[in-house]
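Each chain, written out:
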Amino acid sequence: MSATGNTDKKEVRVWTDGCYDFLHHGHYNALRQARLLGDRLVVGIHSDEEIAKHKGPPVMNQDERREALEGCRFVDEVVTDCPWVTELPVVDKHNCDFVAHGDDIVQSADGTDCYAYAREAGRFRTFPRTEGVSTTNLVGRMLLLTKEHHTKEEEAAAAKSEVEGTAERPAKKAKSPYTGMHFLATSKLITLFSPGKTPTKDDKIVYLAGSFDLFHAGHIRILKKARELGTFLLVGIHDDSTVNQVKGSNSPIMNLLERTVCVLSCKYVDDVIIGAPFVVTESLIDSMNISVVVHGSDATFKDLPDPFAAAKKRGIFQVIESGSNLNSNVIVTRILENREKYEKRNRDKEAREVGYI
């Protein structure tokens, strides 16, 4: 008991680990849930070599994955080079009380339960896995070049992202329940990710809009720099049809609501506009009391109107450098250049999951 008569409460430290290979909304929801189990969340990430051995080649290297995690509002500490099978000495080294993970299966290359040691010691907690998304699922979207994951305007209220294997279109073969369902983003789920901040009349509001597809360390760097230009960062996220018109092919790989969850998980973001207009108009600037409009230097809008004309006219537009060469095109290129390896990785992962159930 302390001198004031209050009982000192021990800080509960939670350990979770994984690949976190280009962080997506499923990862962020897992991190959010794990953080709720204690006072601090320590996240371990596997090395590139461990991932290649047990799962297949990672898309992002460990430094890129670490930087993305460090930008997450739910993460307190990041530990690199963690073993694939979680070892209690590693957990103890970082003073964590227990291990937390989603209720899906995680196995090593030889079929070993990655959390066997923690389970046997009574130091393992689970939380519901986010259905309808995985790195495997997103890689599949890139390889198949489909647009089925896009949110149609008339379906936005339902927040449904369709994938092969739904009830409406049954798959021809057994599908994994972890990668073959659709992601449903309810208003409650979006609210759980919201920082819940409201700007005051004295805040200097910075506005940055974009697609934020395949949310990555490059995005986080530019969001951090944008936030430093003011006291409140408002982020506009373009809808799927707008992104597809600008970038073509089957962009965006993540639909609007999936991208929204990712952006809201960034600790530098104070609020978002879901389905923000492509053009930053005078009325948008005035209604949101925007002081600074920023964009990255790599933006190209061929054959499209200048979306920042109004901001430039007012003298409030700035170009900022992320300092990163990473973007969604680089990520897609990495996957397409190693197409056979990733196709095999996806097949093997789903076969293990189907076999497990």
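Analysis parameters
- Residues numbered from 1 in each chain as written.
- Predicted model: local features only at pLDDT ≥ 70, side-chain atom pairs only at ≥ 80, totals over all residues.
- Heavy atoms only, no water.
- Helix = DSSP H or I, 4+ residues; strand = E, 2+ residues; numbered from the N terminus.
- Buried < 20%, exposed > 50% of the residue type's maximum accessible area, 1.4 Å probe, protein only.
- Contact = heavy atoms within 4.5 Å.
- Areas by Shrake-Rupley, 256 points an atom, 1.4 Å probe, with all protein chains shown as cover.
- Salt bridge = Lys/Arg side-chain N within 4 Å of Asp/Glu carboxyl O.
- 1 Å grid on protein atoms, 1.4 Å probe; cavity = no way out; pocket = protein on both sides within 12 Å on 5 of 7 lines; lining within 4 Å.
- Points joined across faces, edges and corners; volume = space filled by probe spheres on them.
- Nonpolar A, V, L, I, M, F, W, Y, C, P; charged D, E, K, R; others polar.
- Pairing = 2+ DSSP bridges.
- Axes fitted to C-alpha atoms, helices over the stretch in contact; angles between N-to-C directions.
- Phe/Tyr/Trp six-rings, centres within 6.5 Å; stacked < 30°, edge-to-face > 60°.
- Lys NZ or Arg CZ within 6 Å of the ring centre and 35° of its normal.
- Parallel < 35°, antiparallel > 145°, perpendicular 65-115°, else oblique.
- Left-handed = near helix turned anticlockwise from the far one by under 90°.

**Some thoughts on the overall build of the chain**
Scanning the chain from N- to C-terminus turns up 14 helices and 12 strands. For the chain, the residues scored as buried account for 51% of the 357 residues in total. Sequence separation of 24 or more characterises 78% of the internal contacts of the chain that already satisfy a separation of 6 or more. For the chain, the exposed area adds up to about 16,800 Å²; of that, 50% sits on carbon and sulfur atoms.

**Quick look at the pattern of salt bridges**
Under the defined criterion, the tally for this structure stands at 18 salt bridges. We note a salt bridge from R65 to D48, for which the minimum N-O separation is 2.7 Å. Separated by 17 residues along the polypeptide, R65 in helix α3 (residues 62-70) and D48 in helix α2 (residues 48-54) bring together distant segments of the chain. Of the residues examined, R65 reaches a relative accessible area of 1% and is grouped as buried. Exposure remark for D48: the relative accessible area of 24% places this residue in the partly exposed category. Across the pair D270 and R227 runs a salt bridge, and its minimum N-O distance is 2.9 Å.

**Considering the layout of surface pockets**
Of the volumes computed, that of the largest pocket is approximately 930 Å³. As for the largest pocket, its lining consists of 43 residues, and the residues nearest its centre are S211, K247, D298, N327 and S328. Elements supplying a minimum of two residues to the lining of the largest pocket: β8 (205-210), α8 (217-227), α9 (240-247), β11 (290-296) and α13 (328-337). The class makeup of the residues in the lining of the largest pocket is 17 nonpolar, 21 polar and 5 charged.

**Points about the sheet that holds strand β5 (residues 124-127)**
Hydrogen bonds along the backbone pair up the strands of a sheet, which may run parallel or antiparallel. Taken together, 5 strands build an open sheet; the order of strands is β3-β2-β1-β4-β5 and the sheet is parallel. Only two strands of the sheet have a single neighbouring strand rather than two, namely β3 (77-82) and β5. Adjacent strand axes in the sheet meet at a mean angle of 30 degrees when their direction is disregarded. Bridge analysis of strand β2 (residues 40-46) against β3 gives 4 bridges, and the strand direction is parallel. Each residue of the ladder has a partner; that of V42, found in β3, is E77. Strands in contact with helix α1 (residues 25-35) are β1 (13-18), β2, β4 (98-102) and β5; relative to β2, the strand with the most contacts, it is inclined by about 140 degrees.

**Observations concerning unusual backbone geometry**
In this structure, P252 follows S251 across a cis peptide bond, with omega equal to -5 degrees. When you line up the elements, P252 lands in the loop between α9 and α10 (256-264). Here L214, not a glycine, exhibits a phi torsion of approximately 50 degrees, which is positive. Among the secondary structure elements, L214 is positioned in the loop between β8 and α8. Phi is positive for N289, which is not a glycine, with a value near 55 degrees. Structurally, N289 is set in the loop between α11 (282-287) and β11.

**A look at the sheet that holds strand β9 (residues 232-237)**
Taken in spatial order, the 5 strands line up as β10-β9-β8-β11-β12 in an open sheet, and their pairing is parallel. Edge strands, defined here as strands with exactly one partner in the open sheet, are β10 (271-274) and β12 (317-320). Neighbour-to-neighbour, the strand axes of the sheet open up by a mean angle of 30 degrees, direction not taken into account. Two elements, β8 and β9, share 6 bridges in a ladder whose sense is parallel. Considered in β9, the bridge of I205 is made with F232.

**Some points on α9**
Those residues of α9 lying buried are D240, T242, V243 and N244. Next to the buried residues of α9 lie α10. Where α9 ends, the next residue or the one after it, G248, has phi of about 75 degrees, a positive value.

**Here's the deal with the packing of aromatic side chains**
Two measures describe an aromatic ring pair: the distance that separates the ring centres and the angle between the ring planes. A complete count under the given rule lists 4 aromatic pairs for this structure. For the ring pair Y115 and F124, a centre distance of 5.2 Å and an interplane angle of 25 degrees mean the geometry is stacked. Comparing Y115 with F124 shows no difference in burial state: the two are buried. The ring of F193 carries the charged tip of R32 above its face, separated from the ring centre by 5.4 Å. For R125, the ring lying beneath its charged end belongs to F98, and the centroid distance is 4.6 Å.

**Some thoughts on the packing of α3 against α8**
For any two helices packed against each other, the geometry comes down to the angle between their axes and how far apart the axes lie. In contact at an axis separation of 8 Å, α3 and α8 are set at 40 degrees when each is read in the N-to-C sense. Taken together, α3 and α8 sit at an angle that is classed as oblique. For α3 against α8, the interelement crossing comes out left-handed. Contacts between α3 and α8 involve E64, E67 and A68 from the first element and A217, I220 and R221 from the second. Grouping the amino acids of the contact of α3 with α8 by side-chain chemistry returns 3 nonpolar, no polar and 3 charged.

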